[in-house]
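Each chain, written out:
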Amino acid sequence: MRKLAILFALLPIVAAAESIEISGHRIDVSVPSGWEMIQETANDYYFIWASDSEELIALINIYAGEDLGMSTSDVLDQFGGDAGTMLDEMMASLVEAIEANSGGHELRFGPYENSGDDPAYFVSTDYYDNWDGIGYYNLDTMYLYAGKIFYMDAFCLVEKEGTFKSTVLSFIDNLSFH
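Basis of the calculations
- Residues numbered from 1 in each chain as written.
- Predicted model: local features only at pLDDT ≥ 70, side-chain atom pairs only at ≥ 80, totals over all residues.
- Heavy atoms only, no water.
- Patch = residues over 30% accessible without salt bridge, like charges linked within 9 Å, V, L, I, M, F, W, Y side chains within 5 Å.
- Areas by Shrake-Rupley, 256 points an atom, 1.4 Å probe, with all protein chains shown as cover.
- Salt bridge = Lys/Arg side-chain N within 4 Å of Asp/Glu carboxyl O.
- Lys, Arg positive; Asp, Glu negative; His and termini not counted.
- Charge placed at Lys NZ, Arg CZ, Asp CG, Glu CD.
- Helix = DSSP H or I, 4+ residues; strand = E, 2+ residues; numbered from the N terminus.
- Buried < 20%, exposed > 50% of the residue type's maximum accessible area, 1.4 Å probe, protein only.
- Core = buried A, V, L, I, M, F, W, Y, C linked by side-chain atoms within 4.5 Å.
- Polar contact = N/O pair within 3.5 Å; in protein donor to acceptor, adjacent residues only side chain to side chain.
- Contact = heavy atoms within 4.5 Å.
- Expected span 1.5 Å × (residues − 1).
- Pairing = 2+ DSSP bridges.
- Phe/Tyr/Trp six-rings, centres within 6.5 Å; stacked < 30°, edge-to-face > 60°.
- Lys NZ or Arg CZ within 6 Å of the ring centre and 35° of its normal.

Right, let's talk about a negative patch on the surface for a bit. On the surface, Asp82, Asp88, Glu89, Glu96 and Glu99 cluster together into a negatively charged patch. Position of Asp82 among the secondary structure elements: in the loop between α2 (72-77) and α3 (83-100). The exposure class of Asp82 is partly exposed, given its relative accessible area of 37%.

Core analysis: the largest hydrophobic core is formed by 30 residues, its most contacted members being Val29, Phe47, Ile60, Ile62, Tyr143, Met152 and Phe164. Those elements giving two or more residues to this core turn out to be β1 (15-22), β2 (25-32), β4 (44-50), β5 (56-67), β7 (121-131), β8 (134-145), β9 (148-157) and α4 (161-173). By size, the runner-up hydrophobic cluster in this structure holds 16 residues, among which are Ile98, Met142, Leu144 and Tyr151.

A word on the side chain of Asp126. One can find Asp126 in strand β7. Only 3.1 Å separates the side chain of Asp126 from the side chain of Tyr137, close enough to count as a polar contact. Excluding anything up to four places from it in sequence, Asp126 contacts Phe109, Gly110, Pro111, Tyr112, Tyr137, Asn138, Leu139 and Lys165.

For α3, which comprises 18 residues, the first-to-last C-alpha distance of 25 Å matches the rise-based estimate of 26 Å (1.5 Å per residue) to within 8%. Listing the buried residues of α3 in full gives Met86, Leu87, Met90, Met91, Leu94, Val95 and Ile98. The N-cap of α3, judged by a side-chain oxygen 3.1 Å from the amide nitrogen of Gly84 a few residues on, is Asp82.

Tracing the backbone shows Glu161 in helix α4. For the buried Glu161, no salt bridge exists, and the shortest N-O distance to an oppositely charged side chain is 5.1 Å, to Lys165. Every residue in contact with Glu161, bar those within four places of it in the chain, is listed here: Tyr128, Tyr137 and Cys156.

This part is about the pairing of strand β6 (residues 106-116). Regular strands have side chains that alternate between both faces of the sheet. As judged from the eight bridges shared by β6 and β7, these two strands associate in the antiparallel manner. In the strand pairing of β7, Asn114 is matched with Ser124. Here β6 folds back onto β7 in antiparallel fashion, the turn holding four residues.

Once that is clear, we can look at the environment of Phe79. Checked against the element boundaries, Phe79 lands in the loop between α2 and α3. The class of Phe79 is partly exposed, set by a relative accessible area of 28%. The spatial distance from the C-alpha of Phe79 to the C-alpha of Glu89 is 9.4 Å, given a sequence separation of 10 residues.

With that settled, the discussion passes to the packing of aromatic side chains. Where two aromatic rings form a pair, the distance of their centres and the angle of their planes describe that pair. Under the definition given, this model contains 12 aromatic pairs. Among the aromatic residues, ring-to-ring pairing joins Trp35, Trp49, Tyr128, Tyr137 and Phe164 into one connected group. Between the NZ or CZ atom of Arg108 and the centre of the ring of Tyr128, over which it lies, the distance is 4.3 Å.

Here we take up unusual backbone geometry. Residue Pro119 follows Asp118 across a cis peptide bond; omega there is 20°. Assignment of secondary structure puts Pro119 in the loop between β6 and β7. A positive phi angle, close to 65°, is found at Glu54, a residue other than glycine. One non-glycine residue, Asp132, lies in the positive phi region at around 50°.

Among the 12 residues in β8, nine count as buried, and that is most of the element. Alignment of β7 against β8, held across 11 bridges, turns out to be antiparallel. Note that in β8 the partner of Val123 across the bridge is Met142. Hairpin connection, β7 to β8: the antiparallel pair is bridged by two residues, and Asp132 has positive phi, about 50°. Where β8 and β9 come together, eight bridges link them in antiparallel fashion. Bridging across to β9, Tyr143 finds its partner in Phe150. Linking two consecutive strands that pair antiparallel, namely β8 and β9, is a turn of two residues; a positive phi of about 55° is found at Ala146 within it.

Function-wise, these values are silent; they only describe arrangement.
The structure is reproduced here in structure tokens:
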């Protein structure tokens, strides 16, 4: 019986592997079960979780950002080869972008912060905002790969945070750049 309960707990995380192309790079993603993938533009993909009545519950958006005009190793050299300092600067840039694009929404940053170098150099943070009286949980990530910045913006209704957070963290963990 315990094994059956574990299987049911894992079912929402089961995902279909897809390969997308953004800014000339192949990115392998695992589309969560029950989510729909939509390509908005050549460099912009949406992964949508909607209710049976097609109300939006959550969304993950991956898109290309700036081309830094240099290789990733050249970017790292700008920080004296110190990846930690570079990641700190990336986190500050991500937080600044979130605040600049908040549209006056009430922002409250959460406890989640993560950074690393796999699948690319990345920084992630979570925050809450309120728009038209509706609370949203957000988990945004900035990647540096091949001298380019890529973004992943993800949000859901606050009441779906628990399920969504595990889904989006699994999505991030299974992402790979080529």
